[in-house]
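Understanding the architecture of this molecule
The residues making up each chain are set out below.
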Amino acid sequence: MNPSTAFATVVVDELIRSGVREAVLAPGSRSAPLALALAAADREGRLRLHVRIDERTAGFLAIGLIRGTGLPVPVVTTSGTAVVNLHPAVLEASHSGLPLIVLSADRPPELRGSGANQTTDQLKVFGSAVRLFHEVGTPVRELGQMAYWRSTIARAVSAAVGARTADPGPVQLNCALAEPLVPDESADWPESLEGRSGPWTSVHAGAAQPTAVSAGPKTVVVAGDGASQAARLTAEAGRWPLFAEPSSRARTGPAVISAYRLLLSSELGDEIERVLVFGHPTLSRPISRLLARPDVEVVVVAPTGLWPDAGRRAAAVVTGLEVTAADDTDWLARWQHADQVARPAIDKVLAEGLTGPAIAVIVAEAAGADGMLVVASSNSVRDLDLAPVVPIRTIANRGLAGIDGTLSTAVGAALANGGATHALVGDLAFLHDFNGLVIGPDEPRPDLRIVVVNDNGGGIFSTLEQGSEAHATHFDRIFGTPHNTNLAALCAATNIPHHLVTTQETLRAALTPTIAGITVIEAHLNRTTHRPLASQLLQAVRQS
């Protein structure tokens, strides 16, 4: 067995022993040993391999698999630009705390700086975005290599899942591989490659003590992306209103205030005195303004060494909270009443015609409480934020809130889900990652229904400062960015069924059949209606 083959065999085996069950591969020559080892493990049923022709797609597919399973996922690339194409996914994994393991194949060090084909400096190419970087020395035939390889993989997986730091995120192992890159008739390896039973090193977490919090001032709980059920439990234990973003994993239970974004401009919003922040809140400007108010005490709950505080107003950062006394006033009841009154007003505005928020409500209903919904950044997730009921399993790439990789994330999440999955995306997110739907005939295919809200460009800018009349002269070209692309033709090119809907009734009908394979439902909207609709919703809530 030659050194590169031995290395790849051990690496893949140790990844599986460390809990890896899915792996993603983009094709290449230098990564051939790892590719062959992964393919062998796939044939043996030890993991499931996914192959993609586009490295950016591969990275976000891995992100989706991680979000769906909670387990670390390796992505393997060849050297050169292939590695750099993973950077957007690495940044998303870093800011979202997702255990993405980059195995970047490389030429041996002696070829760097020589002009050798596909050779560049891949050392720490992702900068500070990774939790761990290690350059694996070029494999050689000598004793001690097996322990080095296995302990390196065990340490990398531990860093990726945050076993000791409670700070999960991406890692990069740069793997310098020398020829031969395929199995040959080399002599037997000088030591056993089997290793120990289980992972080479078993890493355990340290304990952290929660901080006590009592009823105190008028308090609300803000649950941003990835907040988890801890936010819901805290809100319910303290009898405090819960403002939960769709991807918070906390948007359920009696404390949830579904119309919080609109209600924050009311007198109730002015009364808030303390905010308990969980997760990474990025979705709405009303929340950003609340967290920046000088008259509000902000307490951030962050189990890792980093914490969100964009307003620079955090009074305390704690690992966890233990509620010692609940609010016995009518504070929560007042918010619940306001939400119950606002809901019909919102529903009345959205009752007629196709609008972004109306589509989000219908898609959320179709996904159901037991379904999985992947939602794109920009308008899609904000429209979903106004829905009365959002599925508990809502996935969104909110680490950096980019639209790139959304379809690949949805495919990965759907494959991990193993069942019917919905995705709600805008037209630009759809076009940006259409390569994510280019899936080879031998690859696992998800049951995924994609709903595309097509307003022919950057609709979100219509609702921001750039969308005011003062900037109308250049708005359409530099912000609206119309593309006039025929999405039906794109779907036809990849043999994906496409349905165009024009009313709420036809949308509901299109969402009714059982999801089998990948399908696309497209709804056309007029971008010029977004800004008036936002004002109309706010006015309706104020008058309710």
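The sections below set out a description of the structure shown in this document. (Residues numbered from 1 in each chain as written. Predicted model: local features only at pLDDT ≥ 70, side-chain atom pairs only at ≥ 80, totals over all residues. Heavy atoms only, no water.)

Attention now moves to the side chain of R150. Turning to its location among the elements, R150 is positioned in helix α6 (residues 145–161). Contact partners of R150, with chain neighbours within four places excluded, come to V10, D13, E14, R17, L193, E194, G195 and W200. (Helix = DSSP H or I, 4+ residues; strand = E, 2+ residues; numbered from the N terminus. Contact = heavy atoms within 4.5 Å.)

Here we take up unusual backbone geometry. Backbone torsion omega between E179 and P180 reads 5 degrees, so that peptide bond is classified as cis. Tracing the sequence through the fold places P180 in the loop between β6 (171–176) and β7 (211–213). The phi dihedral of K124 falls on the positive side, at around 50 degrees, and the residue is not glycine. By secondary structure assignment, the location of K124 is in the loop between β4 (100–106) and β5 (132–136).

This brings us to the nonpolar core. Residues L242, F243, I272, V275 and W335 are the most contacted members of the largest nonpolar core, which totals 52 residues. The element that contributes the greatest number of residues to this core is helix α11 (residues 331–349), accounting for seven residues. Ignoring anything within four residues of it in the chain, the contact list for F243 reads V220, V221, V222, A223, I257, Y260, L264, I272, I287 and W335. Judged by nonpolar contacts, the second largest core, of 46 residues, contains V24, F60, L98 and L437. (Core = buried A, V, L, I, M, F, W, Y, C linked by side-chain atoms within 4.5 Å. Buried < 20%, exposed > 50% of the residue type's maximum accessible area, 1.4 Å probe, protein only.)

The parallel open sheet is built from five strands, whose spatial order is β9-β8-β10-β11-β12. Both edges of this open sheet fall to β9 (242–244) and β12 (314–318), since each of them pairs with a single strand only. Across the sheet, the mean angle from the axis of one strand to that of its neighbour is 20 degrees, orientation sign disregarded. Alignment of strand β11 (residues 297–301) against β12, held across four bridges, turns out to be parallel. From the neighbouring strand, V301 faces β12, where its bridge partner is V318. (Pairing = 2+ DSSP bridges. Axes fitted to C-alpha atoms, helices over the stretch in contact; angles between N-to-C directions.)

Now for the packing of helix α3 (residues 55–69) against helix α14 (residues 406–417). In contact at an axis separation of 6 Å, α3 and α14 are set at 40 degrees when each is read in the N-to-C sense. In this view, α3 runs oblique relative to α14, as classed from their interaxial angle. When the axes of α3 and α14 are compared, the crossing they make is right-handed. Residues T57, F60, L61, I63, G64, L65, R67, G68 and T69 of α3 form the contact with α14, whose participating residues are S408, T409, V411, G412, A413, L415 and A416. Classifying every residue of the contact of α3 with α14 gives eight nonpolar, seven polar and one charged. (Parallel < 35°, antiparallel > 145°, perpendicular 65-115°, else oblique. Left-handed = near helix turned anticlockwise from the far one by under 90°. Nonpolar A, V, L, I, M, F, W, Y, C, P; charged D, E, K, R; others polar.)

Bringing α3 into the picture now. If you check α3, its first and last C-alpha atoms are 21 Å apart, about what 15 residues at 1.5 Å a residue would give, namely 21 Å. By the criterion of burial, α3 is predominantly enclosed, with 13 of the 15 residues buried. For α3, the N-terminal cap is D54; the gap from its side-chain oxygen to the backbone nitrogen of R56 is 2.8 Å. Backbone geometry just after α3 places G70 at a positive phi near 80 degrees. (Expected span 1.5 Å × (residues − 1). Polar contact = N/O pair within 3.5 Å; in protein donor to acceptor, adjacent residues only side chain to side chain.)

As a further point, take the pattern of salt bridges. One pass over the full model with this rule turns up 18 salt bridges. The residue R508 makes a salt bridge to E365 at a minimum N-O spacing of 4.0 Å. Residue R508 is located in helix α18 (residues 504–511), and its partner E365 is located in helix α12 (residues 356–367); the two are separated by 143 residues in the primary sequence. What you see here is one network of salt bridges that share partners, running through D13, E14, R17, R46 and R150. (Salt bridge = Lys/Arg side-chain N within 4 Å of Asp/Glu carboxyl O.)

Contact geometry for helix α1 (residues 3–17) and α6: axes closest at 9 Å, N-to-C directions at 40 degrees. Considering the angle they form, α1 stands oblique to α6. Considering only the axes of α1 and α6, their crossing is right-handed. Of the residues in α6, those in contact with P3, A6, F7, V10, V11, D13, E14, L15 and R17 of α1 are M146, W149, R150, I153, A154 and V157.

Our next topic: the sheet that holds β6. Across the sheet, six strands lie side by side as β2-β1-β3-β4-β6-β5; this open sheet has parallel pairing. Sheet topology places β2 (48–51) and β5 at the edges, where each strand pairs with a single neighbour. Strand-to-strand twist across the sheet, computed as the mean angle between neighbouring axes with direction ignored, equals 20 degrees. Across the face of the sheet, α6 comes into contact with β4, β5 and β6 while running at roughly 165 degrees to β5.

The subject of this paragraph is empty space enclosed by the protein. Taken as a whole, this structure holds one cavity of 30 Å³ or more when the rule is applied. In this structure, the largest cavity encloses a volume near 30 Å³. In terms of lining, the largest cavity is formed by V374, V375, A376, S377, A396, N397, G402, T406 and T409. Of all the secondary structure elements, the ones that give two or more residues to the lining of the largest cavity are β14 (372–375) and α14. Taken together, the residues of the lining of the largest cavity break down into four nonpolar, five polar and no charged. (1 Å grid on protein atoms, 1.4 Å probe; cavity = no way out; pocket = protein on both sides within 12 Å on 5 of 7 lines; lining within 4 Å. Points joined across faces, edges and corners; volume = space filled by probe spheres on them.)

Attention now goes to the pairing of β6. Judged by how many residues are buried, β6 sits mostly within the fold: six of six residues are covered. Neither face of β6 is open: one carries V171, L173 and C175, the other Q172, N174 and A176, and all of them are buried. As defined by bridge partners, β5 adjoins β6 across five bridges and the pair is classed as parallel. Paired with V136 across the two strands is C175, which belongs to β6.

Here we take up helix α2 (residues 32–43). Look at α2: 16 Å from first C-alpha to last across 12 residues, which is about the 16 Å you get at 1.5 Å a residue. What α2 keeps buried is the set A32, P33, L34, A35, A37, L38 and A41. Each element contacted by the buried residues of α2 is listed here: α1, β1 (22–25), β2, β3 (73–77) and β4. Positive backbone phi, approximately 80 degrees, marks G45, located one or two places after α2.

Inspection of the secondary structure puts A316 in strand β12. Setting aside its immediate chain neighbours within four residues, A316 contacts V298, V299 and V300.

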